[in-house]
Each structure stands twice: as C-alpha cells, then as structure tokens.
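The primary structure of each chain is shown beneath.
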Amino acid sequence: MDIPVYSPEDAPVPKGEVVVERLSTPAELAVKMSRTTADVVRFMLDNGEMVTSTQPLTDEMIELFADDLGVKIKLVAPGQEQEAELKALLEIDRGAGGDPQPRPPIVTMMGHVDHGKTKLLDQIRNSNVVDGEAGGITQHIGAYQVRRNGRSITFIDTPGHEAFTAMRARGADVTDIVVLVVAADDGVMPQTVEAISHARAAEVPIVVALNKIDKQNADPTRVMQQLVEHNLVPESWGGDTVTVQVSALENIGTEDLLEHILLVAEVAEISAHNDGLAEGVVLESRLDIGRGPVSTLLIQDGMLRVGDPIVAGSAWGRVRALVNDLGQQMREAAPGTPVRVMGLSEVASAGTPFTVAPSDKVASKVAGVRGYWQRVASLGKDVAANSGGGRLEDIFSEIKAGSPALLKLIVKADTNGSLEAIRDSLGKIVRDDVSLSFVHSGVGAISENDIALAKTTDATIIGFNIRPDRKARSLAETEKVEIRVYEIIYKVIEDIESALLGLLTPTIEEEVTGEAEVRAVFRIRGVGAVAGCYVLHGTIRRGDKVRFLRDGGVIWKGAISSLRRFQDDVAEVRSGFECGIGLSGFSDLKPGDVIETYAEHEILPT
C-alpha cells in the first residue's frame, strides 16, 4: 500500500486561526491541519527532521508545517486549550444555574497544639475523635457536618502541631469562618499567632473560643488581653471579635458557640449554586487497599452526584461512591458538604481544586496534561546524588569525620496531607555539612519496589501510619535496607533531625579482647616491674586498654606500655603463648593476677 504523498493542493486547509498545543505529535498536528500523519512525517523528513508519529514536535517544526500550508496558528501550552474549555463550560453552567442560595458555613477549628480543638469538636458532634488519633494529636484534616436549629454547619478540624503549617493554611483557604481555640490556662502560643495570620490572609471572620475555663488556673481576662495585642478585641471590651467561653471537657458553652457561628454566617451572606457542575477542594486523600484512591472533598459550589466525571489535578475518574462523615452512602452532595469519594485514577494531592467535567474525555485530557507538566516540573528534584550515606546511623559518623553527609529518604505515608507535612518539615532542616534528598515519596504501603529502590540508591525508608508487608519486610532484611515506621509525625521529625544534627547519643560497648595470667614478676632497672604472663584467651596487643584483676576485683585500669616475646618487641601475642607485659604507671604485680584487655566501641541508638 502506497503512503499518500503530502501535497497542499490535494485537500482544503482549515480556515481562520487554528489553536495548536506545543509539543504536539505528528498524529495530533495532522488532525488539526486536515492532513494524515504520514503527510506530517514525510514533510519533516524532507526538511531534515527524522520524527516518528508519536514524537513531540518543536515550535519551529509546527510553524514550518503550518506556514507551508498557509495556515495561521496559535501555539498554546499543553492543556491550556482544555483548561480554557473547562473554565468556559463552568461559567456557562453557573450562568444557567440561577441565583446562588444560602449554603452551610464552612468553619475551621484552629489553634495551638493541645488547646482542645478536637475535644471541642468532639462535644459538638458527640463522637470520640480524639481517641482515634495517635498521641491524642490530630494528624489529618477531618471534615464533619452538624445540624442546629434546622441549619447545617460544616467543621474542618486541622492539626495544631507545628509540622502541619501547610495543612492549617489549606484549612483557612477553604473556610468561611475560623474558630480560634485558645486555652484559658495557657494563652496565646506560637501556633495561635500562626492561625490568626492564616485567617487574616484568607480574609475570613474569626470567632474566639476560650477553652478550658473549668480549670482552676484559667484566666480568661489575661488571655483576652493577649488577643487584644494581636488586634482581636472582644465584643465585651468594645471590639468586634465574637468571644465565647467554653469547656470542651465539661461541655460548657458549646451551644452558645454554635449560635454565634450561625449568626456570623448570616451576616456574611454565605451562598452557592445548588445545582450545576460541582467544584471545590481536596481536603485529604489516601490509598485504600480494598477501595483504591479515596479522597475527602469539600464541595464549594454546584451539586456533586454519583457518576459525575471529575478532575482534581492530575487525578480524574467517575464518582463511584459518595460517603458522608457519618459513613452513609449518598446519591448527591450539596455545597458545603464534606464527602469521601471513590473512583479517581490516583491519589489526588491535598489542597488541589476539583471540578466536575462535562465528559470523561475532557477530564482525562486535562488530568493527563497536568500530570505531564507535574512530572516535568519535578524532574530531577528528587533524584538522589551519586554519593553519600543513606542509613541514619551513618550520618553521625560522617558529620564527626567532617565530611558532607547526605541522607537519602524514601517517604511513604497513609495520606497525602501527612506526606506533605513530613516532606515540608524535613525540608526545613538546613545545615552546611548535611543535606536531605527525597529519592521517592508516595501514599500507600511500603512495597518491594520501594525496597529495591532503597537498595539501589542507598536510602532509608520512612513509613508513617503504614507498615511493610511480609514480602517487603523479608526483602528488606535480605538487602539490609533500613525501614523506620512511625505513628506520630513529630517523632519522625525529631528522629531525623537528631540524626542530621549529630545529636544521636552513642552508647559505649566494651569488648574483652584478651586475658593473660601473671606467672612471674621481673624487676628490670630503668623499666620497673614486668609481668611474665601466659595468654589464656584472645589476643593481647600493645596499646590495649587494661583492667588489672586480683581475686576477681579490679584494682587498676590503664594501658599496656610494652609487649615482648623473649627478647623481641611484638605488636600482639595470641592465646597459648607466653609474653612479657609492662604496664604504664603500675608495678604492684603478683603471680596469679589477671590482665584483661578490652576495646570500647561507640554504638549509635537505633
């Protein structure tokens, strides 16, 4: 079969301006230009460019082909056309959806670690969230919905520990109201100030919940004075900051807090479209062994339904199931509702906006292009260096030796948010003589592929809330790959930081290297007492550390100053041989005494 010869006269060319993506392949360009793939490949060959039908073309190649046809083109970034199409469809959909209607306010609980945010929310939703968190510290973003007086309120609980700055910021970015929880016995702390900054950056109203007022050392007046210093003046003091005194432990003031939240929401006139294509944000995502990628989505506008094609960053798919915070299956979810969604192609990045697409084709195309550019942007970022140690125990030795230390890590976590927090926190540990390299990071269990990669790159594997399966654990033991698993995130940070800063305190382990019995004592002028010995066990070496034993008790410690066999100085004498031993600074020698030599080794904690 003959390949059609390219000829501009054979077929009409497109009229007007043609939008062409950069890095289009000959097959993709041919469709845009009403030509065959063979036409494009042959033209390139005639112009000195050997390309295949699936090889990306440069801007110059695309422009050259278009000029030869006489077609006016507009080059756009890959995905730009699809993104514009998706945006236009959303705008059309919103325009046809009628006027926005009031929706439940999205409220974020923020504040310092252990000031009682989760316990307060626990009282509100009447379920024990705290007991489910390692160490009683919230490690993921949880989203819950409660109803009061016929109206719904959506709460987002964010972690208070300093490692979760990005997750707290993300909570503020999607919220309508921030409830700032401050312990009345502790006052304004570093993460309290940080939460105030996030709320102000998001330009959302702040409601202060003065918690733990039941404690004997609680001092609400002192705390309110601290808040005034940060320009949060309580209403009772003539300001405009709603302040409610509560006790999460005794369930005091929670109803009053909810009433104030609904009042603030009413003043803010929070609204959304109750129909049309849904859009919102990914709060959290994880890889479930039985269900695949599972994401917690917060719907901000439109109605999300089972069967809708959605795209979230480089992830896309049809919604297979919608599950609310109570574990109930839903057919559709309205604005302001947090839902767990199954059906995405991969684990969506936390904080990523999601959108319902008009079709699977548009969703897959947009996600594919986004994924391509994400890979291009990250290319080389996490590539491990060709030199440097990988094991945590090796880092201290390298720092002590004065050589630059490189710790290579493979980080696996149960959720995307935890993974982000670990990477961000570890990335802040900066020091001239030590550096970190993330060979790979991802959500899901530690697999045999992770072990193989760690072996190849000499990396340490960090697992958070996940463990290696039996095969992976067995392979790690065989390949001597170090795996460290954690359940509390700041333990990860403390452990790695200690290793990087050389703070792992070594323990001293003694090893008995030789034992010799004194058989005779010789007095030599200018030398002093020399013990004529018989080596019972091990090897006696010149310079060894010595314990001098008499009747089982240690009467002296020191070092061997001289070691002779007959008339010759020797470096060592092994078991079964006789020798002469001179001890540095000790001459109280008697037959029957035992000279025990030993070595000390530093053992780093593991």
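Refer to the structure presented above.
Residues numbered from 1 in each chain as written. Predicted model: local features only at pLDDT ≥ 70, side-chain atom pairs only at ≥ 80, totals over all residues. Heavy atoms only, no water.

Attention shifts here to the packing of aromatic side chains. Tallying each qualifying case throughout the model produces three aromatic pairs. Ring geometry for phenylalanine 43 versus phenylalanine 65: centroids 5.2 Å apart, planes at 75 degrees, classification edge-to-face. Of this pair, phenylalanine 43 sits in helix H2 (residues 37–46) while phenylalanine 65 sits in helix H3 (residues 59–69), and the two are 22 residues apart along the sequence. Aromatic ring contacts, followed pair by pair, group Phe548, Trp556 and Phe586 into a single cluster. One residue, arginine 423, lies across the ring of phenylalanine 438, its end atom 4.4 Å from the ring centre. Over the aromatic face of tyrosine 598 sits the side chain of arginine 547, whose NZ or CZ is 4.2 Å from the ring centroid. (Phe/Tyr/Trp six-rings, centres within 6.5 Å; stacked < 30°, edge-to-face > 60°. Helix = DSSP H or I, 4+ residues; strand = E, 2+ residues; numbered from the N terminus. Lys NZ or Arg CZ within 6 Å of the ring centre and 35° of its normal.)

Under the definition given, this model contains 21 salt bridges. A salt bridge links aspartate 59 to arginine 22; the nearest nitrogen and oxygen atoms lie 2.9 Å apart. Taken together, the residues aspartate 59 in helix H3 and arginine 22 in the loop between strand S1 (17–21) and helix H1 (26–32) connect sequence positions 37 residues apart. Given the relative accessible area of 33%, arginine 22 is considered partly exposed. Connected through shared salt-bridge partners, Asp275, Arg305 and Glu332 make up one network. (Salt bridge = Lys/Arg side-chain N within 4 Å of Asp/Glu carboxyl O. Buried < 20%, exposed > 50% of the residue type's maximum accessible area, 1.4 Å probe, protein only.)

Before going further, it helps to examine the nonpolar core. One recurring pattern in soluble globular proteins: nonpolar side chains tend to sit buried together. Membership of the largest hydrophobic core comes to 25 residues, with the highest contact counts inside it found for Leu120 and Phe155. Within the residue set of this core, elements represented by two or more residues are strand S4 (106–111), helix H5 (117–125), strand S5 (142–148), strand S6 (151–157), strand S7 (177–183), strand S8 (206–211), strand S9 (242–245) and helix H9 (254–268). In terms of nonpolar packing, the next biggest core, distinct from the first, is built from 20 residues, Ile540, Leu563, Phe586 and Ile595 among them. (Core = buried A, V, L, I, M, F, W, Y, C linked by side-chain atoms within 4.5 Å.)

A rise of 1.5 Å per residue sets the reference length of helix H7 (residues 190–202), with its 13 residues, at 18 Å; its end C-alpha atoms lie 19 Å apart and thus fit the reference within 8%. Among all positions of H7, only Gln191, Thr192, Ala195, Ile196, His198 and Ala199 are buried. Around the axis of H7, the buried residues are gathered within 165 degrees of arc, so they sit on the same side. Opposite the buried face of H7, by more than 90 degrees, sit the exposed residues Pro190 and Ala201. Looking one or two places after H7, you find glutamate 203, whose phi comes out positive at around 55 degrees. (Expected span 1.5 Å × (residues − 1). Arc of directions from axis to C-beta.)

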